[in-house]
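Coordinate inspection notes
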Amino acid sequence: MKKKPGSEKKALDSVSAAKRFFCKSSKELLFEKVGKIIRTIPTPSLTTKKWFQKSYVLGPEQNDFLYGRDVFYITEGRKLFLDTTSGHYQMTWGYDHPVLMKNLQQALKAGVVWDCHSNIPGFFVKKLSEKLVEICNPETDLKSIQNNDESLNTVLLGIATGSVACSTSMKIAINYFLKNKPGAKKVVFVSLKGNYHGTDFLMQRLRGMWDFVFSENLIFEMVEPNDINELRNIFKKHKKNVAAFFFEPVMMNREAILLNTDFIQEARTLTASVDALMIVDEIQTCCWYPEIFMYKQFGIMPDILILGKGLTAGFHPLSAIVYKRKLDSLKQYDAISTNGNAPLPSFMALQCLELIEKNLQKIAGLSTYYEKSLRELAQEFPDIVVSFRGKGFLSGIKFSSQQIALQFHRKCIERGIWLRVHAYYEGHSTALTKFALCVTKDVIDFTIGSFKRIIKTL
Ligand SMILES: Cc1ncc(COP(=O)(O)O)c(C=O)c1O
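A brief report on the enclosed structure follows. As the structure is a computational prediction, the values presented were derived from the model and not from experiment. (Residues numbered from 1 in each chain as written. Predicted model: local features only at pLDDT ≥ 70, side-chain atom pairs only at ≥ 80, totals over all residues.)

Here helix 12 (residues 360-380) crosses helix 14 (residues 441-456) at 15°, and the two axes come no closer than 11 Å. What the angle tells us is that helix 12 and helix 14 run roughly parallel. The handedness of the crossing between helix 12 and helix 14 is right-handed. Contact with helix 12, carried on its side by Leu366, Tyr369, Tyr370, Ser373, Leu374 and Leu377, involves Lys441, Ile444, Ile448, Phe451 and Lys452 of helix 14 and no other residues of that element. (Axes fitted to C-alpha atoms, helices over the stretch in contact; angles between N-to-C directions. Helix = DSSP H or I, 4+ residues; strand = E, 2+ residues; numbered from the N terminus. Parallel < 35°, antiparallel > 145°, perpendicular 65-115°, else oblique. Left-handed = near helix turned anticlockwise from the far one by under 90°. Contact = placed C-beta atoms within 7 Å.)

Written out as structure tokens, the structure is:
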């Protein structure tokens, strides 16, 4: 099929024009223009989505992404949005971050490659693995950690997406289970109702899909988040057959439910009592808290920590798992991406982690400020907003009904405030945000002010 001559070039011209618009505009001007069409940017040539799978074609082309800067982006139809969700929860430092982009240009100029064979990992891949171990064990010297079977000291980095990282941790749990419980007839995985550990076959089974495909030897149990009694009952029922317990600290795919420390600590006790693994999926939460990994807030040590998404600040693809050496059982091609060792994404991950470390106090201050502002907003409208959900930047507000939540979402999008809503299952009615870490106080105030004006119209 012939393609229109120069259409990619035209697309690049539109992107450049959008970039120039952002470079020239003050914050005040951007606030003023949120939700409006920016006519000074030439109309880009729209490209069709008709070759995509049906479920992926959600709206007209003009709503699709053209260019983003900081927490703002512009669509192909040239409408300006304020993005309160960091892309799809992965652009840790927002779009086109000046420091990250400058460092990226430098790395490219120096010749750092995008990818290489997984047998010959580059400097940055090795460096990142050490950095992740360091963050997990800040108080201990690295030499003693390596010989300690019980510390988080082993990193599997050659994984592309979070889904594969999650399923990798399940493979490790099964290996550990088979080695330590040789007579067991059934393997049980426990997770939380409403979980989301990705799109891999087994990860979807973990949330209840594909029931008819699986044998009765592989059992998946789900418990209500924060229901300690239900968790205890599941462990009592299956005892040593439990292989692992999976959880996400903030359930961004279930109305931003925050897990309680009591619940997590009990889960740690229960898993230890039957020699099952505790697997924490931090694909959403890693990099969004001053501790970098949120499991630290619960005062526990998991057996496997899963990282992804924000790790490279959206520079795809790179996920990782960090786990205890005693669990190191997979062979080379058991769980990697075959185009696999990604020096440049590893470099970007190191830059992202460095930015977080340099801005710890700012991140702590602003995420507390955002949470406080959102809590106050919820309290101001007790008839409409039932509660605040989540923690820090990973947070939302639960509305009194599905219909109101959907209305709120629709009005936000109309006015150029991009956010997500969970209101498609019975009982779900929460609007969700996850600001990029480059957010500033004026953006938070503008957003909360816009939410307030919209809630008043509901
Ligand atoms: C908690 C959690 N786990 C796993 C995944 C899957 O990651 P990926 O989409 O990179 O496969 C996601 C994706 O949103 C997630 O939020």
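A separate point is the site of the ligand. Among the 15 residues in the neighbourhood of the ligand, the closest are listed as Thr161, Gly162, Ser163, Gly198 and Ile283. The leading source of residues in the shell around the ligand is helix 7 (residues 162-180), at three residues. Taken together, the residues of the shell around the ligand break down into four nonpolar, eight polar and three charged. (Near = placed C-beta within 6 Å. Nonpolar A, V, L, I, M, F, W, Y, C, P; charged D, E, K, R; others polar.)

A few words now on the pairing of strand 7 (residues 242-247). By the criterion of burial, strand 7 is predominantly enclosed, with six of the six residues buried. One ladder, built from three bridges, connects strand 5 (residues 187-192) with strand 7; its direction is parallel. Bridged to Phe189 within strand 7 is Ala244. When strand 7 meets strand 10 (residues 277-281), the two strands line up parallel, connected through four bridges. Paired with Phe245 across the bridge in strand 10 is Met278. (Buried ≥ 20, exposed ≤ 12 C-beta atoms within 10 Å, placed from the backbone. Pairing = 2+ DSSP bridges.)

Take the sheet that holds strand 1 (residues 65-69) next. Read across the open sheet, the four strands follow the order 1-2-3-15; overall the sheet is mixed. Every interior strand has two partners, whereas the edge strands, strand 1 and strand 15 (417-418), have only one. Where strand 3 (residues 80-83) meets strand 15, two bridges bridge the pair, whose relative direction is parallel. The partner of Leu82 across the bridge, within strand 15, is Ile417.

Soluble globular proteins tend to bury their nonpolar side chains together. Ala243, Ile279, Leu305, Ile306, Ala320, Val322 and Cys352 are the most contacted members of the largest nonpolar core, which has 126 residues in total. Counting only domains with at least three residues in this core, you end up with domain 1 (13-24 + 66-84) and domain 2 (110-358). Non-local contacts of Ala320, meaning those with residues more than four positions away in its chain, are made with Leu132, Val155, Leu156, Leu157, Ile159, Ala165, Leu307 and Leu311. (Core = buried A, V, L, I, M, F, W, Y, C linked by C-beta atoms within 7 Å. Domains from an automatic or database assignment.)

Attention shifts here to the environment of Glu32. With respect to the helices, strands and loops of the structure, Glu32 is situated in helix 2 (residues 27-33). Spatially, the C-alpha atoms of Glu32 and Leu104 are 32 Å apart, while their sequence positions differ by 72 residues.

Phi is positive for Trp210, which is not a glycine, with a value near 60°. Position of Trp210 relative to the elements: it lies in the loop between helix 8 (201-206) and strand 6 (218-223). We classify Trp210 as exposed; it has 12 C-beta atoms within 10 Å. Located in the positive-phi region is Ile292, a residue other than glycine, with phi close to 70°. Its 23 C-beta neighbours within 10 Å are what place Ile292 among the buried residues.

For helix 5 (residues 123-136), built from 14 residues, the straight-helix expectation of 20 Å at 1.5 Å per residue is met to within 8% by its first-to-last C-alpha distance of 20 Å. Considered for burial, the residues of helix 5 that qualify are Phe124, Val125, Leu128, Leu132, Ile135 and Cys136. All buried residues of helix 5 fall inside an arc of 115° around its axis, so they share one side. Seen from the buried face of helix 5, the exposed residues on the opposite side, beyond 90 degrees, are Phe123 and Glu130. Of the surrounding elements, those touching the buried residues of helix 5 are strand 4 (152-159), strand 11 (304-307), strand 12 (319-324) and helix 11 (343-358). (Expected span 1.5 Å × (residues − 1). Arc of directions from axis to C-beta.)

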